[in-house]
Each structure stands twice: as C-alpha cells, then as structure tokens.
Amino acid sequence: MIALKTNNLVKKFKVELDEKKYASAKTEILNEVRSKVTVPGFRPGKAPDHLLEQQHGAAIKQDVLTKLVQEENEAIIKQNNFKLALAPRIIESNFNDSKAGKYHYELELELLPTFDIPEFSKVKLKRWVVTPNEDDINEVINNMRMSHAEFTEAKADTKAKTT
C-alpha cells in the first residue's frame, strides 16, 4: 500500500495485491465452487481445478478479486482509523488485464470531517415569550374552522343568512 496525494477529506492509496494471498483466496473460492457445481464425468465435489477454471474462470477471478479488495480496504481503514463518509471507491485497476501477473488498484476514500466542538455550557440564550391577545386567538380559531368547513351547494330558492 502506497499513500498517494491526499487532502483532509480525501485519501488515495495505490494497493498491490499479494500473490500468495491471491493464490490462497483462489484455492478457497475454487473449493466453494467445486462443492456447488457438477461437472460431467466427475463425482460431486471432485472436479479438478483446471476444469473449474475453464468453465467458471471469469466468475472465480471476480470473486477472488472482490474478496481480496474488500480485505485490503478494511485493513487500510482499520490501520489508519478512518471514519468514512462514503463507500470506498476504486479509481483505477488492472483487474481486466488477463495477462497481469500482479493485480493492483488505486483506492479513494472520502472521510468525515473532524472538528472540535466548543464548550456551550457558559453560553446564555435569550428566551422570547410571546403572549397572544384575544383577537389573535380568535383569528387562528376562525382560520381553522374555515380550513375544516364543509361547503355544500345551496338550493336556488334558499336565502342567505346573516349573523
């Protein structure tokens, strides 16, 4: 892992995946795949690695790389005590290069800002008290009545009532 240019909230790393870890993870994934798939001519769980790679090579490679990247990212975050604002982002990688011997990727982490919270126990605040008068209360009550009133159409011969 090599730390690249950074600022306070964005950290970038160039990560190279270890070949031994890759081989170990690949063996683990192959064993999982072997137990789930059936290959004609072989008993369940007994298919050879080269046949599994031939039939499911791309998926196996993807699973291995996903597992290793996740482990590496978690190690970097834990080692540096980062608190992430967003999920880790892979900016650049050579994962699609079929001839790559060593896999590497560039990782970008966006962090939560850190700041000190000042002491607020000695701050005095003014509390505003509003006392409504009778007219204000009646106006609000009338507004509520009008907003909940049910209006119906009057008959043609009905005269208006005045209060």
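Up top is the structure.
Residues numbered from 1 in each chain as written. Predicted model: local features only at pLDDT ≥ 70, side-chain atom pairs only at ≥ 80, totals over all residues. Heavy atoms only, no water.

Okay, the overall build of the protein next. Scanning the protein from terminus to terminus reveals three helices and four strands. The secondary structure elements of the protein, listed N-terminal to C-terminal, are β-β-α-α-β-β-α. Its C-alpha atoms give the protein a radius of gyration of 34 Å, more than 25% over the compact-globule value 15 Å for 163 residues. Its C-alpha atoms give the protein principal-axis dimensions of about 95 × 60 × 25 Å. Residue burial in the protein is summarised as follows: out of 163 residues, 21% are buried. A separation threshold of at least 6 residues defines the contact pool for the protein, and within that pool the share at least 24 residues apart is 60%. Of the roughly 13,800 Å² of accessible surface on the protein, 52% is carried by carbon and sulfur atoms. Taking the average place of the 26 positive charges on the side chains of the protein and the average place of its 25 negative ones, the gap between the two points comes to 4 Å. (Helix = DSSP H or I, 4+ residues; strand = E, 2+ residues; numbered from the N terminus. Rg over C-alpha atoms; globule rule 2.2 N^0.38 Å. Buried < 20%, exposed > 50% of the residue type's maximum accessible area, 1.4 Å probe, protein only. Contact = heavy atoms within 4.5 Å. Areas by Shrake-Rupley, 256 points an atom, 1.4 Å probe, with all protein chains shown as cover. Lys, Arg positive; Asp, Glu negative; His and termini not counted. Charge placed at Lys NZ, Arg CZ, Asp CG, Glu CD.)

What follows deals with helix 1 (residues 19-36). The end-to-end C-alpha distance of helix 1, which contains 18 residues, comes to 26 Å, matching closely the 26 Å that a straight helix rising 1.5 Å per residue would cover. Of all the residues in helix 1, the buried ones are Y22, A25, I29, L30, V33 and R34. Where helix 1 is buried, its residues touch helix 2 (49-80). (Expected span 1.5 Å × (residues − 1).)

Summed over the entire model, instances satisfying the criterion amount to four aromatic pairs. Both rings, one in Y22 and one in Y103, keep their centres 5.3 Å apart while their planes meet at 40°; by these two values the pair is tilted. Here Y22 is found in helix 1, whereas its partner Y103 is found in the loop between strand 3 (89-93) and strand 4 (104-110), with 81 residues between them in sequence. Where F95 meets Y103, the ring centres are 6.2 Å apart and the plane angle is 65°; that geometry is what we call edge-to-face. In terms of burial, F95 and Y103 fall into one category: buried. An aromatic cluster is defined as three or more aromatic residues linked by ring pairs; in this entry it consists of Y22, F95, Y103 and Y105. (Phe/Tyr/Trp six-rings, centres within 6.5 Å; stacked < 30°, edge-to-face > 60°.)

Two modes of strand pairing occur in sheets, parallel and antiparallel, and in both the strands are linked by backbone hydrogen bonds. If you trace the four strands from one edge of the open sheet to the other, you get 1-2-4-3, paired in antiparallel fashion. In the strand order of this sheet, the two ends are held by strand 1 (2-3) and strand 3, each with one partner. Examined bridge by bridge, strand 3 and strand 4 share four bridges and lie antiparallel to one another. Counterpart to E92 in the pairing with strand 4 is E106. Its contacts with the sheet place helix 2 against strand 2 (10-16), strand 3 and strand 4, and it is angled at close to 45° to strand 4. (Pairing = 2+ DSSP bridges. Axes fitted to C-alpha atoms, helices over the stretch in contact; angles between N-to-C directions.)

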